[in-house]
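Report on the structure
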Amino acid sequence: QVQLVESGGGLVQAGGSLRLSCAGSGRAFSSYVMGWFRQAPGKEREFAASINWSGGSAGYADSVQGRFTISRDNARNTVYLQMNSLKAEDTGVYYCAAARAFSPTSRVRDYDYWGQGTQVTVSS
């Protein structure tokens, strides 16, 4: 089992940057595909980025491609989401998730464990 705790959210102006962190428990952390999802008020949870176990392969939603970068440090059991050029539409609760998968995946149903989320608010 994996427990996930996100941090790093906050209030930022449009065009600014934030780095989210997700700390995982358990020795099997490095074996999981990790993902970041987000949910805006009144909307469904949507995929942002995913990374494979080694960090050698990643995938992004079109809406964040070129602005967000996912990375991981398995020695620290941590996955990161660097968010640059933030827009008002990036506002929402950001969730970290872990999947027993072979490659990065954007499907919510593939993920077995979820964090509690961290709020990101981008002011325009």
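Residues numbered from 1 in each chain as written. Predicted model: local features only at pLDDT ≥ 70, side-chain atom pairs only at ≥ 80, totals over all residues. Heavy atoms only, no water.

Focus on the nonpolar core
This is how it is decided: Only buried Ala, Val, Leu, Ile, Met, Phe, Trp, Tyr and Cys residues count toward a nonpolar core, and they belong to the same one when joined by side-chain atoms within 4.5 Å. The classification of residues rests on relative accessible area computed with a 1.4 Å probe and restricted to protein chains. Under 20% of the type maximum is buried, over 50% is exposed, and intermediate values are partly exposed. Starting at the N terminus, helices and strands are each numbered in turn, a helix being any DSSP run of H or I of at least four residues and a strand any DSSP run of E of at least two. Working rule for contacts: check all heavy atoms of both residues, and any pair within 4.5 Å makes them a contact.
Among the nonpolar cores identified, the biggest contains 33 residues, and Leu-4, Met-34, Trp-36, Val-79, Leu-81, Met-83 and Tyr-94 are the most heavily contacted of them. Broken down by secondary-structure element, the contributors of at least two residues to this core are strand S3 (18-24), strand S4 (33-39), strand S5 (46-51), strand S7 (68-73), strand S8 (78-83), strand S9 (92-99), strand S10 (111-114) and strand S11 (118-123). With five residues, the top contributor of residues to this core is S9. Aside from chain neighbours lying at most four places away, what touches Met-83 is Gly-16, Ser-17, Leu-18, Leu-20, Arg-67, Phe-68, Tyr-94 and Val-120.

Considerations on the packing of aromatic side chains
For clarity, the cut-off: Stacked, tilted and edge-to-face are the three classes applied to pairs of Phe, Tyr and Trp rings, where Trp contributes its six-membered ring and a pair requires centres within 6.5 Å; stacked means planes under 30 degrees apart, edge-to-face means over 60, and tilted covers the rest.
Inspection of every chain in the model, using the stated rule, returns five aromatic pairs. When the centroid spacing of 5.0 Å and the interplanar angle of 80 degrees are considered together, the rings of Phe-37 and Tyr-111 count as edge-to-face. Of this pair, Phe-37 sits in strand S4 while Tyr-111 sits in strand S10; the two residues are 74 residues apart in sequence, bridging distant segments of the chain. Taking the relative accessible area as the measure of exposure, Phe-37 reaches 0% and is therefore buried. Since its relative accessible area comes to 6%, Tyr-111 is described here as buried. Arranged with centres 5.0 Å apart and planes meeting at 55 degrees, the rings of Phe-37 and Trp-114 form a pair that is tilted.

Notes on the sheet that holds S7
The strands that make up a sheet pair up through hydrogen bonds in the backbone, lying either parallel or antiparallel. To keep it simple, the criterion reads: Two strands are counted as paired when DSSP detects at least two bridges linking them. Fitted lines through C-alpha atoms give the axes, limited to the stretch in contact for helices. The angle between two N-to-C directions lies from 0 to 180 degrees.
One open sheet holds the four strands; their spatial order is S1-S3-S8-S7, and the pairing between them is antiparallel. Taken across any chain shown, the strands that pair with only one partner, and hence form the sheet edges, are strand S1 (4-7) and S7. Averaged over all pairs of adjacent strands, the angle between their axes in this sheet comes to 15 degrees, without regard to strand direction. Sheet analysis places S3 next to S8, joined by six bridges and oriented antiparallel. The partner of Ala-23 across the bridge, within S8, is Thr-78.

Remember, this is a structural readout, not a statement about activity or role.
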